[in-house]
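Below, each chain spelled out in residue letters.
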Amino acid sequence: MTSAPSLQQPRDIRTALSCAALIRLVGEIDDHGAIPARGLARILADLSADRIRQAVEQADSLGVLARTPGTVGLSAAGRDLADVYDATARWARRHNHPAAHCDFADRIRSTFALLGMPTADAWDPESEREAELGRIERLVAEWVRNHRTQRTRRIDGVAA
């Protein structure tokens with residue numbers, strides 16, 4: 001059995017936030033509310049049981065899940081992450097990134113890949129596209145900063 005990767009560095013956390021299965025899990029719960037724990041396989045039917053398990057472990061290590069008996073919902077960190085994902089997807093749709101037609105997780109993953117990198121075009125900080133992308137980068141950095149202490153405690157085995 002594999003465990004969730006160590007998420008000690010901001011880069012590792014950003015990579016973890018780009019996981020398609022995690023994006024799907026957070027998106028489904030954000031859109032539809034808490035999910036019965038036994039219903040994850042039905043709701044995320046296109047993902048294997050191993051991918052679902054890994055996404056749940058990753059979400060736990062990031063502190064984005066809130067559990068009640070029999071259900072899996074989003075914690076405050078999870079709701080904040082869902083807001084970051086929504087803002088990212090809106091930016092990507094507005095700019096047809098990576099393509100005019102693609103799914104929610106692909107939009108987020110491809111946009112996160114742009115963060116911290118100059119665009120293929122000449123960087124123009126005055127352009128609306130770059131300004132909005134900079135806003136997405138700040139939202140991700142803020143999420144990491146705001147929730148890092150809680151995650152580090154969970155990773156070290158201490159309840160936050």
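Below is a short write-up of the structure.

**Some remarks on the sheet that holds strand β1 (residues 35–36)**
- Here three strands make up an open sheet; going across it, the order is β1-β3-β2 and the pairing antiparallel. One side of each edge strand has no neighbouring strand; the edge strands of this open sheet are β1 and β2 (65–68).
- Bridging between β1 and strand β3 (residues 71–74) involves two bridges; their strand directions are antiparallel. Among the inter-strand pairings, Ile35 is bridged to a residue of β3, identified as Val72.

**Thoughts on the environment of Ser110**
- For Ser110, the location among the structural elements is in helix α6 (residues 104–114).
- Not counting residues up to four positions away in its chain, the partners in contact with Ser110 are His97 and Pro98.

**What to know about the nonpolar core**
- Ranked by size, the top nonpolar core spans 42 residues in total, and within it Leu17, Leu22, Leu25, Val64, Leu65, Tyr85 and Trp143 carry the most contacts.
- Of all the elements in the fold, those that place two or more residues in this core are α1 (10–17), α2 (20–32), α4 (49–62), β3, α5 (76–94), α6 and α7 (128–155).
- Sort the elements by how many residues they give to this core and α5 lands first, with nine residues.
- When residues no more than four places from it in sequence are discounted, the contact partners of Leu17 are Leu22, Ile23, Leu62, Leu81, Tyr85, Phe112, Val140, Trp143 and Val144.

**Here we look at the packing of α5 against α6**
- For the pair α5 and α6, interaxial distance at closest approach is 9 Å and the crossing angle is 85 degrees. Considering their axes alone, α5 and α6 lie roughly perpendicular with respect to each other. Taking contact as the criterion, the partners of Val84, Tyr85, Asp86, Thr88, Ala89, Trp91, Ala92 and Arg93 in α5 are, on α6, Phe104, Arg107, Ile108, Thr111, Phe112 and Leu114.
- Along the lines of polarity and charge, the residues of the contact of α5 with α6 split into nine nonpolar, two polar and three charged.

**Some words on α4**
- If you check α4, its first and last C-alpha atoms are 20 Å apart, about what 14 residues at 1.5 Å a residue would give, namely 20 Å.
- Among the residues making up α4, those that are buried are Ile52, Ala55, Val56, Gln58, Ala59, Ser61 and Leu62.

**A look at the packing of aromatic side chains**
- Under the definition given, this model contains one aromatic pair.
- Aromatic pair Tyr85 and Phe112: ring centres 6.2 Å apart, planes at 45 degrees, arrangement tilted. Residue Tyr85 is located in helix α5, and its partner Phe112 is located in helix α6; the two are separated by 27 residues in the primary sequence. Accessibility assignment for this pair places Tyr85 and Phe112 in one class, buried.

**Considering unusual backbone geometry**
- Cis geometry is adopted by the peptide bond preceding Pro98, which originates at His97 and carries an omega value of 0 degrees.
- With respect to the helices and strands, the residue Pro98 is situated in the loop between α5 and α6.

**Observations regarding the side chain of Ser61**
- Mapped onto the fold, Ser61 is located in helix α4.
- From its side chain, Ser61 meets the backbone oxygen of Gln58 in a polar contact 2.8 Å long.

Quick notes on the rules
Residues numbered from 1 in each chain as written. Predicted model: local features only at pLDDT ≥ 70, side-chain atom pairs only at ≥ 80, totals over all residues. Heavy atoms only, no water. Pairing = 2+ DSSP bridges. Helix = DSSP H or I, 4+ residues; strand = E, 2+ residues; numbered from the N terminus. Contact = heavy atoms within 4.5 Å. Core = buried A, V, L, I, M, F, W, Y, C linked by side-chain atoms within 4.5 Å. Buried < 20%, exposed > 50% of the residue type's maximum accessible area, 1.4 Å probe, protein only. Axes fitted to C-alpha atoms, helices over the stretch in contact; angles between N-to-C directions. Parallel < 35°, antiparallel > 145°, perpendicular 65-115°, else oblique. Nonpolar A, V, L, I, M, F, W, Y, C, P; charged D, E, K, R; others polar. Expected span 1.5 Å × (residues − 1). Phe/Tyr/Trp six-rings, centres within 6.5 Å; stacked < 30°, edge-to-face > 60°. Polar contact = N/O pair within 3.5 Å; in protein donor to acceptor, adjacent residues only side chain to side chain.

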